[in-house]
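Observations on the three-dimensional arrangement
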Amino acid sequence: MSKKIPVTVLSGFLGAGKTTLLHHLLENQLGLKIAIIVNDMSEINVDAKLVKEGGLVRTKENLVEMTNGCICCTLREDLVVELEKLAQLDIDYVLIESSGVSEPIPVAQSFAYHDEALGIDLNAFFQIDTMVTMVNGQQFWEDYQSEDLLIDRQLHVSDDDERGIVDLLIDQIEFANVIVLNKIDMLSDKEVAKLTNVLHKLNPEANIIATSFGEIDPLQVLHTNQFNYEKASQGAGWIKELNQEHVPETEEYGIGSFVYRSRKPFHPERFHQWLENWPTEVIRAKGFFWLVTRNEVAGLLSQAGSMLTLEGAGRWLASYSQEELDELKVQDPALFEEWDDQAGDRMTELVFIGSNMDKDVMVQSLDECLVNEEELDIMSFKDPLPSFI
């Protein structure tokens with residue numbers, strides 16, 4: 001094909017207004033011949049039914065319904081197959097409405113890589129134009145602070161789906177290049193401004209559009225030609241902070257961020273106590289940490305709302321043999337640019353994004369969790385933290 005078909009993917013948690021936005025785009029479709037893929041989790045596909053009943057399936061649109069699954073996982077192969085079929089039609093554009101529990105990254109990856117098992121290369125036919133995430137302004141904080149898992153609300157896609165509601169919200173927000181903050185008619189101007197600033201901190205690269213009833217200029221999500229997979233993968237606010245691309249604070253609403261760094265390891269009991277008394281003003285935190293009891297493996301901390309997880313993030317290079325290190329220095333010298341003579345690559349780098357955080361107090365409290373000089377010779381520490389997965 002001489003020209004790839006552009007694709008816009010609509011993501012967003014249940015109730016954000018994706019179908020309303022879809023209707024709006026189809027009613028103002030700029031004369032385009034649009035194919036629509038609608039993915040809903042229910043056995044009776046309500047979203048597809050709404051699209052049909054809205055009189056929007058005409059000769060110039062092709063509707064593909066995908067039910068009983070999620071296009072980011074259980075229906076991913078079906079998505080690839082259906083898209084290859086659409087590529088043979090005379091269409092100008094593809095609109096994909098993901099289910100409310102879909103993560104955008106696996107959907108985007110379907111277009112980026114050749115599926116060897118299916119023998120299909122979507123990249124030959126399509127190009128992702130825009131990754132849109134819709135946010136329910138009225139419901140956001142309640143869901144963000146919820147401790148519910150998807151399974152608690154009967155929204156899980158499989159028996160082993162242990163995702164938290166807030167983790168899904170964050171995944172959807174951090175990977176988008178357009179965020180539509182919907183239902184602002186239910187919020188005050190101050191609430192809209194604060195939430196907009198929070199979203200900007202979580203994803204500084206995204207274009208944020210505040211609206212009601214999904215009413216936006218179609219050209220803000222169609223034919224933007226702005227999506228870049230690598231850029232989106234590195235677009236989250238916490239990644240930018242780690243890369244020392246600081247996003248300026250918004251003083252009016254107190255939304256700020258900082259990185260805590262240390263070349264000393266955490267004392268496991270004191271760090272555990274600190275985590276048990278998590279600062280309520282922190283909205284999002286993520287990064288790597290060093291525990292004195294786990295010198296082999298780096299820890300990865302991820303917090304969003306009420307959900308906090310700790311897991312392993314691979315071995316510290318400092319735990320490698322000298323022979324392995326010598327080989328790595330030849331293969332990738334950049335890995336050793338921040339090498340410390342004593343700690344090697346072991347260090348803590350934690351990004352904190354929050355509202356009205358007292359950086360000095362937080363830094364001091366974290367410093368107090370570090371192993372001190374008197375403790376350096378201690379060979380054994382009690383470690384109450386959960387094992388790394």
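Here's a quick rundown of the structure. Fair warning: this is a prediction, and the values are worked out from it, not measured in the lab. (Residues numbered from 1 in each chain as written. Predicted model: local features only at pLDDT ≥ 70, side-chain atom pairs only at ≥ 80, totals over all residues. Heavy atoms only, no water.)

Bringing the overall build of the chain into the picture now. Looking only at helices and strands, one finds 12 helices and 12 strands in the chain. Within the chain, buried positions represent 52% of all 389 residues. Across the chain, contacts joining residues at least 24 apart in sequence account for 77% of those joining residues at least 6 apart. Element-wise, carbon and sulfur atoms account for 46% of the exposed surface of the chain, whose accessible area totals about 18,600 Å². (Helix = DSSP H or I, 4+ residues; strand = E, 2+ residues; numbered from the N terminus. Buried < 20%, exposed > 50% of the residue type's maximum accessible area, 1.4 Å probe, protein only. Contact = heavy atoms within 4.5 Å. Areas by Shrake-Rupley, 256 points an atom, 1.4 Å probe, with all protein chains shown as cover.)

Turning our eyes to something else, we now look at the environment of Leu300. Mapped onto the elements of the fold, Leu300 is located in strand β10 (residues 297–304). Taking relative accessible area as the criterion, Leu300 reaches 14% and is therefore assigned buried. Spatially, the C-alpha atom of Leu300 lies 4.6 Å from that of Phe288, the residues being 12 residues apart in sequence.

Counting buried positions along helix α6 (residues 165–175) yields nine of 11 residues, so the element is predominantly enclosed. Taken as a whole, α6 has its buried residues at Ile165, Val166, Leu168, Leu169, Ile170, Gln172, Ile173, Glu174 and Phe175.

One finds Leu83, Val94, Ile96, Phe111, Phe126 and Phe227 to be the most contacted residues of the largest nonpolar core, which totals 26 residues. Put simply, the parts of the chain that give this core at least two residues each are β1 (5–11), β2 (34–39), α3 (76–86), β4 (93–97), α4 (104–112), β5 (126–136) and α8 (229–233). The element best represented in this core is α3, accounting for four residues. With sequence-adjacent residues up to four places away left out, Phe126 is seen in contact with Lys4, Ile5, Val7, Leu83, Ala87, Val94 and Phe111. (Core = buried A, V, L, I, M, F, W, Y, C linked by side-chain atoms within 4.5 Å.)

Moving on to the side chain of Glu97. Locating Glu97 in the fold gives a position in strand β4. We note that Glu97 is buried and unpaired, the nearest opposite charge coming from Lys18 at a distance of 4.7 Å. Here the side chain of Glu97 touches Thr19 through a polar contact of 2.8 Å, side chain to side chain. (Lys, Arg positive; Asp, Glu negative; His and termini not counted. Salt bridge = Lys/Arg side-chain N within 4 Å of Asp/Glu carboxyl O. Polar contact = N/O pair within 3.5 Å; in protein donor to acceptor, adjacent residues only side chain to side chain.)

Turning our eyes to something else, we now look at the sheet that holds strand β11 (residues 307–315). Where strands meet in a sheet, backbone hydrogen bonds hold them as pairs that are either parallel or antiparallel. With antiparallel pairing, the five strands of this open sheet are ordered in space as β8-β12-β9-β10-β11. A single partner strand is all that each edge strand has here, and the edge strands are β8 (255–262) and β11. Each adjacent strand pair in this sheet contributes to an overall mean axis angle of 15°, direction not counted. Contacts from helix α12 (residues 359–367) reach β8, β9 (282–289) and β12 (348–355), with the element oriented near 25° to β8. (Pairing = 2+ DSSP bridges. Axes fitted to C-alpha atoms, helices over the stretch in contact; angles between N-to-C directions.)

A cluster of acidic residues, Glu323, Glu324, Asp326 and Glu327, forms a negative patch on the protein surface. As for its position among the elements, Glu323 is in helix α11 (residues 322–331). A residue is classified by how much of its surface remains accessible, and Glu323, at 64% relative accessible area, is exposed. (Patch = residues over 30% accessible without salt bridge, like charges linked within 9 Å, V, L, I, M, F, W, Y side chains within 5 Å. Charge placed at Lys NZ, Arg CZ, Asp CG, Glu CD.)

For β10, the buried fraction is high: seven of the eight residues fall into the buried class. With seven bridges joining them, β10 and β11 adopt antiparallel strand pairing. Residue pairing in the sheet places Leu300 in a bridge with Glu311 of β11. The turn linking β10 back onto β11 is made up of two residues, and Gly305 within it adopts a positive phi angle of 60°.

On to the packing of α4 against α6, then. Axis separation between α4 and α6 bottoms out at 9 Å; the angle between their running directions is 45°. Considered as vectors, α4 and α6 are oriented oblique to each other. Contact residues: Pro104, Ile105 and Ala108 in α4; Asp171, Gln172 and Phe175 in α6. Here the contact of α4 with α6 is built from residues that sort into four nonpolar, one polar and one charged. (Parallel < 35°, antiparallel > 145°, perpendicular 65-115°, else oblique. Nonpolar A, V, L, I, M, F, W, Y, C, P; charged D, E, K, R; others polar.)

Every regular strand shows the same layout, with side chains that alternate between the two sheet faces. Most of strand β6 (residues 178–182) sits inside the fold, with five of its five residues counted as buried. In terms of strand pairing, β5 meets β6 through five bridges, oriented parallel. Residue Val135 lies in a different strand from β6, and its bridge partner there is Leu181. As paired elements, β6 and strand β7 (residues 207–210) share four bridges and run parallel to each other.

Our focus in this paragraph is the side chain of Arg346. Here Arg346 is to be found in the loop between α11 and β12. Buried and unpaired, Arg346 has Glu296 as its nearest opposite-charge partner, separated by 5.1 Å. Polar side-chain contacts of Arg346 include one of 2.8 Å to the backbone oxygen of Asn295.

Within a pair of aromatic rings, the relevant descriptors are the distance that separates the centres and the angle that separates the planes. As enumerated under the stated definition, the model contains 16 aromatic pairs in all. Ring centres of Phe125 and Phe126 lie 6.4 Å apart, and the angle between their planes is 70°; on these two criteria the pair is classed as edge-to-face. Looking at Phe125, the relative accessible area reads 19%, which means it is buried. Ring geometry for Trp274 against Trp278: centres 5.4 Å apart, planes inclined by 80°, an arrangement best described as edge-to-face. Pairwise contacts between aromatic rings join Tyr260, Phe266, Phe271, Phe289 and Phe388 into one cluster. Across the ring face of Phe336, the terminal group of Lys329 is positioned such that the distance to the ring centre comes to 5.6 Å. (Phe/Tyr/Trp six-rings, centres within 6.5 Å; stacked < 30°, edge-to-face > 60°. Lys NZ or Arg CZ within 6 Å of the ring centre and 35° of its normal.)

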